[in-house]
Amino acid sequence: MNLDDLKHAQRERLIFLDQCLTWRGMANRKDLVERFGISNPQAALDFRSYLSLSRTTPPIYDPVRKTYFVTDAHVPLVPSNLAQAFGALFDNEEQGLPSALPRPNRCADPKVIARLYQAIKSESALYVRYTSMTSGADGGQWLAPTRFISDGEVVHVRAYSFKHNEFRNYLPVRIEADSTFEERSRGDALPEDEDWNTGAVIWLRPKSSLSERQADVVRREYGFDGEFLRVEIRKALEFFFDRRWGLDQKGARLERVKTEYKELGSV
């Protein structure tokens, strides 16, 4: 049996399961049940099918956590990049369009991603070496990853840096794959991630330098339903928003009127 022998629905489920195991390093029946709305018995059958397909490097079942974990020898059934597999890390999987511009192939080591994902789930800290584009390579630091986020194009991991004593957004691809990945408990509860737990309500209008007709076109282009466009995001993603929408770039078609912040509560 191979993937092509399966019906489309089951094949899609097994590909998702393959991405979970490849990029998370772990998976269980609940992943399939919640993602596809299937029954537990059907999820069990899907796992049996997957195990038969991956018999040379099968995942190992942990009866205590009722979860399968991959071994270092894991080979995915279907190769995927991190952007394609983002739905396995976070439920808001983007749907690509056939006429979309090709995206850069953002290379990432699945084993690094799996380490980060498992640290999030176990609420652990990891010792990694990270190369910053501003300060260069570091000698190693402790990070406590809390969640994966996306700027719509690139996947980041949000983590508390014990070196900088603050939450920051990190690119997993800049974490050296030969880091020790020494693991330890976070210890005391992490401080509140204030930027993550703060909502930013951004009010936009067409650039004031535009003509009236140009401003009308911009309102149509961005779906204005009045004089201003209201966008609500988390404060932690505000930098990405400005860059993605080109608000500070030459030739920008939009400008901020104001930004209001509101507390969202701890997550």
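Residues numbered from 1 in each chain as written. Predicted model: local features only at pLDDT ≥ 70, side-chain atom pairs only at ≥ 80, totals over all residues. Heavy atoms only, no water.

Draft legend 1. Looking closely at helix α2 (residues 29–36). Measuring from the side-chain oxygen of the N-cap residue of α2 to the backbone nitrogen of Lys-30 gives 3.2 Å; that N-cap residue is Asn-28. Among the residues trailing α2, Gly-37 stands out with phi positive, at a value near 70°. (Polar contact = N/O pair within 3.5 Å; in protein donor to acceptor, adjacent residues only side chain to side chain. Helix = DSSP H or I, 4+ residues; strand = E, 2+ residues; numbered from the N terminus.)

Draft legend 2. Representation of the pairing of strand β9 (residues 166–170). Relative to β9, strand β8 (residues 155–161) is paired through 5 bridges, and the arrangement is antiparallel. Each residue of the ladder has a partner; that of Val-157, found in β9, is Tyr-170. In this antiparallel pair of consecutive strands, β8 and β9, the connection spans 4 residues, and Asn-165 shows a positive phi of 55°. (Pairing = 2+ DSSP bridges.)

Draft legend 3. The arrangement of the sheet that holds strand β12 (residues 229–234) in detail. The 3 strands are arranged β12-β11-β13 in an open sheet whose pairing can be described as antiparallel. This sheet does not close on itself; its edge strands, each paired only once, are β12 and β13 (254–263). Between one strand and the next, the sheet's axes are offset by a mean angle of 25°, whatever the strand orientation. Strand direction decides the pairing type here: strand β11 (residues 198–206) and β13, joined by 9 bridges, are antiparallel. Following the sheet pairing, Leu-204 is matched in β13 by Arg-256. (Axes fitted to C-alpha atoms, helices over the stretch in contact; angles between N-to-C directions.)

In short, geometric facts, not functional conclusions.
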